[in-house]
Amino acid sequence: MVSRAFSPSSAAALAASLLLAALPQPASAFYLPGVAPTSYKPGDTVPLYVNAIRPIAAPRDGVLHSVMSYDYYHPDLHFCAPADGPKSVGESLGSILFGDRIMTSPFELKMAQNETCKQLCAVTYEAESSQFVNMLIEKGYSLNWLVDGLPAGQEIIDDLTGTEFYSPGFLIGQDNGNNAIAFNNHYDIVVEYHEVSGNPDQLRVVGVLVQPSSLHYEDPNAVDCSLQHQAVVLDTKAGGKTPVQFTYSVYWTPSKTVWATRWDKYLHVVEPKIHWFSLINSAIIVVFLVLTVLSVMVRTLKKDIARYNRLDQINLDDLSGTSALDDGVQEDSGWKLVHGDVFRAPTHPLLLSVFLGNGAQLFVMTGFTIMFALLGFLSPSNRGSLGTIMVLLYTVLGFVGGYASARVYKAFGGEKWKLNIALTPLLVPGLVFSVFFLLDLFLWAKQSSGAVPFTTMLVIIGIWFVISVPLSFAGSWVGFRSAAIESPVHTNQIPRQIPPVTTYLKPIPSMLLVGILPFGAIFVELYFIMNSIWFSKIYYMFGFLFLCYGLMIITCAAVTVLMVYFLLCAENYHWQWRAFLAAGTTSLYIFGNAMIYWISKLSFSSLAGSVLYVGYSALISFLFFILTGSIGFFSSWWFTRKIYASIKVD
Ligand SMILES: *[C@@H]1O[C@H](CO)[C@@H](O)[C@H](O)[C@H]1NC(C)=O
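Residues numbered from 1 in each chain as written. Predicted model: local features only at pLDDT ≥ 70, side-chain atom pairs only at ≥ 80, totals over all residues. Heavy atoms only, no water.

Where an unreviewed UniProt entry is consulted, the chain appears under the name Transmembrane 9 superfamily member, with the organism given as Sporothrix bragantina. On record in UniProt, under Subcellular location (unreviewed entry), the comment for the chain is "Membrane". (UniProt positions renumbered as here; feature names shortened; annotations may be inferred.)

This is the structure we're talking about:
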């Protein structure tokens, strides 16, 4: 009898699969990594799929020159297609949204059978195609192949740690300067395979490396793949024709790496020590700051409340005719003065409530996404699972958005409830979708494969209107049905005069001051996320992300509460929009950061590239604006309710 120990990891896997079973989504959309390995017998065909070609940092200057991706079978590339034409491989929604365009290829890989110098096809490049290909080579475009779900990579040695790792993708050609641009037409494919528990009939793919080279075969009948040949230089002069023969070799090498850890080499963390260091550094600063601020504030508040309630006592004593104690305290200062106005509805309550509903929706979505990621659902072996899960969660959480928006609007005493119900699921998503659509038009115009296909657009609109909007309506209905959130103090008929405020409490300085701290909490992680977005690096440091997200929430809440406290002390009771906008200013810093990143790491020669970059950055910043603004508002709301409930009024 063999008894299996119940390990923590299997407990986590169990919990995760229970969670999975409880979700109404199709199970095929995600699976736990390590659940479905494919075993091959020697000689079995292992499919090689090709994905869109993408720019990576150009080797000559380390700078990204484009954001446009192109289809592998772009007519100007003339890559060899299968005899019966390329077919597209089924992908998840998130995978399509994030730019995967996976197709079949003519490469024949037979498990554990070496092949040397197989010929694919012969193509003649006209001048126009040559110019296009050379442009791609100059900009550092790379080919992205997938063998058994693993990206074909190149082996790179990390200068800092000396460890070797696989960087996905390999270059179309080499730009050697002085117009000597070599086009790669031969691929040495090295596939590492692992024998499952010594069984020679159960072989699994655990690593894929491709070494491309440029071989100019003088005699088309003597194609020998020898590396002695000159490089292929495409003739870009008008009327120039360059014949190119595509060839490849396949080498299978046995490996000790097991299937479960085959991704480790791809998920190489660049400078992990520096990453940890800067993260802990910012975490300590943030926590220290927040704790100091909070402790000072709690003390001041306690004093305030005690003073106000003592004053109350004195006033009562006054009324009952006993001698009044005069200790010099006066009631004509501080936040208590605005008790009759602090819960007065803000201007434009409809817009604010719609933003807050969407913010709540984003907040919960982000939380769940990071949780799923920590549980391992979003492993890179599961292509596009991140995008899919975000779209699905956002859709399903439409209910939360509707509910939050309705409750806030009701608390504001809003009356246009029909408009609120309609705008909550339409305004913010509509805005985001419109911008997304406009940017997509740019990609379409440039024949980029990054353009989301029309059918996918329709699917998104379908999901939005068939699932998200009704769910949001349902949430709104529940929200409007429940009792209005009562304010702890009565609001006066006539609004108080607001005295002029000091400089740092003026709207713009206070916003800039408040926004910088939450930004500081996420700024290190942001750098890695941007690298993974723009340089197609695999992002998987969800532990770091979780920490940062937590830090951002805490800072955002704490700083906004502090600002609201100062504002109320200055007898300014227009805190609702101020809290939302001040916390939302974090997004302005995020946008600014994206611009600095542009200057330092990217260089676009085309207008389209710049427009796309600015457009996507603005889109992401806008979502951050809604998210952080809502965190700021809700924490301030909680805070004001708390403090005004603790003093006696009248
Ligand atoms: C295939 O080629 C690799 C690398 O040259 C070699 O290590 C391996 O033994 C070869 N396999 C077979 C089955 O010949």
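Still to come is the rest of the account.
Participant: Quick one: what's the story with the overall build of the chain, residue by residue and with numbers?
Facilitator: A count of helical and extended segments in the chain gives 15 helices and twelve strands. Here the C-alpha coordinates of the chain stretch approximately 115 × 75 × 50 Å along the principal axes. Per-residue burial for the chain yields a buried fraction of 49% across its 650 residues. Restricting the contact set of the chain to residue pairs at least 6 apart, pairs at least 24 apart contribute 79%. When the accessible surface of the chain is split by element, carbon and sulfur atoms take 65% of a total near 30,700 Å². Across the chain, 38 positive and 43 negative side-chain charges occur, with their mean positions spaced 10 Å apart. (Helix = DSSP H or I, 4+ residues; strand = E, 2+ residues; numbered from the N terminus. Buried < 20%, exposed > 50% of the residue type's maximum accessible area, 1.4 Å probe, protein only. Contact = heavy atoms within 4.5 Å. Areas by Shrake-Rupley, 256 points an atom, 1.4 Å probe, with all protein chains shown as cover. Lys, Arg positive; Asp, Glu negative; His and termini not counted. Charge placed at Lys NZ, Arg CZ, Asp CG, Glu CD.)

Participant: Run through helix α11 (residues 507-534), naming residues and quoting values.
Facilitator: Here α11 is 28 residues long, yet its end C-alpha atoms lie only 34 Å apart, well below the 40 Å a rise of 1.5 Å per residue gives. Taken from the residues just after α11, serine 536 is the one with a positive phi, measuring 45°. (Expected span 1.5 Å × (residues − 1).)

Participant: Tell me about the site of the ligand, and please be specific about residues and values.
Facilitator: Around the ligand, the neighbouring residues are Ala112, Asn114, Tyr251, Trp252 and Thr253. Contacts to the ligand include asparagine 114, whose side-chain N or O atom sits 2.3 Å from an oxygen atom. Burial of the ligand by the protein chains amounts to 41% of its free accessible area of 360 Å². Across the shell around the ligand, the residue classes tally to three nonpolar, two polar and no charged. (Near = heavy atom within 4 Å. Polar contact = N/O pair within 3.5 Å; in protein donor to acceptor, adjacent residues only side chain to side chain. Nonpolar A, V, L, I, M, F, W, Y, C, P; charged D, E, K, R; others polar.)

Participant: How would you summarise the packing of helix α9 (residues 427-445) against helix α10 (residues 454-481) if you had to cite specific residues and measurements?
Facilitator: The geometry of a pair of packed helices is captured by two quantities: the angle between their axes and the separation between those axes. Between α9 and α10, whose axes approach to 12 Å, the crossing angle comes to 175°. Classed by the angle they form, the pair α9 and α10 counts as roughly antiparallel. Contacts from Pro429, Gly430, Phe433, Phe436, Phe437, Asp440 and Trp444 of α9 reach α10 at Phe454, Met457, Ile460, Ile461 and Trp464. Looking at the contact of α9 with α10, its residues break down into ten nonpolar, one polar and one charged. (Axes fitted to C-alpha atoms, helices over the stretch in contact; angles between N-to-C directions. Parallel < 35°, antiparallel > 145°, perpendicular 65-115°, else oblique.)

Participant: Which residues make up the packing of aromatic side chains, and what values go with them?
Facilitator: Under the definition given, this model contains 46 aromatic pairs. For the pair phenylalanine 355 and phenylalanine 625, a centre-to-centre distance of 6.3 Å together with 80° between the ring planes defines the contact as edge-to-face. Of this pair, phenylalanine 355 sits in helix α5 (residues 349-374) while phenylalanine 625 is found in helix α15 (residues 607-645), placing the two residues 270 residues apart along the sequence. Accessibility expressed as a relative area gives 11% for phenylalanine 355, which makes it buried. Relative accessible area serves as the criterion here: at 17%, phenylalanine 625 is assigned to the buried category. Relative to phenylalanine 625, the ring of phenylalanine 580 has its centre 5.3 Å away and its plane inclined at 80°; by these criteria the two rings are edge-to-face. (Phe/Tyr/Trp six-rings, centres within 6.5 Å; stacked < 30°, edge-to-face > 60°.)

Participant: How would you explain unusual backbone geometry if you had to name every residue and give the values?
Facilitator: Of note in this structure, alanine 112 is not a glycine but carries a positive phi near 60°. Within the secondary structure, alanine 112 sits in the loop between α2 (93-97) and β2 (115-126). Relative accessible area serves as the criterion here: at 32%, alanine 112 is assigned to the partly exposed category. Residues other than glycine seldom take positive phi values, yet cysteine 225 does so here, at roughly 60°.

Participant: Tell me what's going on with the nonpolar core, and back it up with residues and numbers.
Facilitator: Residues Trp335, Leu568, Trp575, Phe580, Phe633 and Tyr644 are the most contacted members of the largest nonpolar core, which totals 83 residues. A total of 15 residues in this core trace back to one element, the largest contributor, which is helix α12 (residues 542-569). Mapping this core onto the domain boundaries places at least three of its residues in each of domain 2 (273-305 + 510-650) and domain 3 (346-486). When neighbours within four sequence positions are excluded, phenylalanine 580 is seen to be in contact with Leu352, Phe355, Leu356, Phe625, Ile626, Gly629, Ser630 and Phe633. Phe79, Trp145, Ile181 and Leu203 belong to the second largest nonpolar core, which has 57 residues in total. (Core = buried A, V, L, I, M, F, W, Y, C linked by side-chain atoms within 4.5 Å. Domains from an automatic or database assignment.)

Participant: Please set out the environment of isoleucine 467 residue by residue, giving values where relevant.
Facilitator: Position of isoleucine 467 relative to the elements: it lies in helix α10. Sequence separation between isoleucine 467 and phenylalanine 288 is 179 residues; the distance between their C-alpha atoms is 44 Å. Among all residues touching isoleucine 467, those that are not within four sequence positions of it are Thr395 and Gly462.

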